[in-house]
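Examination of the molecular architecture
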Amino acid sequence: MIKSTKLTKNFTKLQLNDKIKNMKKVVIIILISLTFIIGCGKIEEKENQKYQTITSEEAWNMMQTRTDLIILDVRSEAEYKESHIANSVNIPVNEIGDRFKEEITDDITKTILIYCRSGVRAKQASELLTELGYQNIINFGGITNWEHELITE
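Note that the structure is predicted; figures quoted are calculated from it, not measured. (Residues numbered from 1 in each chain as written. Predicted model: local features only at pLDDT ≥ 70, side-chain atom pairs only at ≥ 80, totals over all residues. Heavy atoms only, no water.)

1. Brief notes about the packing of aromatic side chains
The condition that has to hold: For this analysis, a ring pair means two rings from Phe, Tyr or Trp (six-membered ring only for Trp) whose centres lie within 6.5 Å, classed as stacked if their planes differ by under 30 degrees, edge-to-face if by over 60, and tilted for the remaining angles. Helix and strand assignments follow DSSP, with helices taken as H or I runs no shorter than four residues and strands as E runs no shorter than two, numbered in order from the N terminus. The buried label goes to any residue with under 20% of its type's maximum accessible area, the exposed label to any with over 50%, and the partly exposed label to all in between, with areas taken from a 1.4 Å probe on protein chains only.
Under the definition given, this model contains three aromatic pairs. Pairing Tyr115 with Phe140 gives two aromatic rings, centres 5.4 Å apart and planes at 40°, and the pair type is tilted. Of this pair, Tyr115 sits in strand β4 (residues 111-116) while Phe140 is found in strand β5 (residues 136-142), placing the two residues 25 residues apart along the sequence. Pair check on accessibility: Tyr115 and Phe140 agree, each one buried. Taking the centre distance of 5.8 Å and the plane angle of 50° together, the rings of Phe140 and Trp146 count as tilted. Judged on exposure class, the residue Phe140 and its partner Trp146 are both buried. Aromatic rings pair up to connect Tyr115, Phe140 and Trp146 into one cluster.

If you want it as structure tokens, here you go:
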């Protein structure tokens, strides 16, 4: 009887150990799967984004070294008149589709730096210009992050 109880306890421990090992395997598989799914989602998101996003400091450095850039302010005309970055042109985001190609450039390979007040309209404009076929769109967010001189009228 003692041997039978001892065997039963040992057998139960073995079963428990096997269950724990199996659970560990399942958890590892789930973690690996989640990592793969999340990682692929981020890659796919970047592949769908057809414009580049940089900091305002990186944009400023580009402006200092390149003369072939279009600096596009997509805020309202009133916001632009209040203050804007030197050498920028103003087309409000809701007018880009109608005006950009005619008034600024139809060269879809031209590098275009885009900004607004906080970054929301710059993102919308970046998406719109890529839909129109422009290939070198760079969004540098909002003028609120700009640490350099502004033109005021």
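Anyway, onward from the coordinates.
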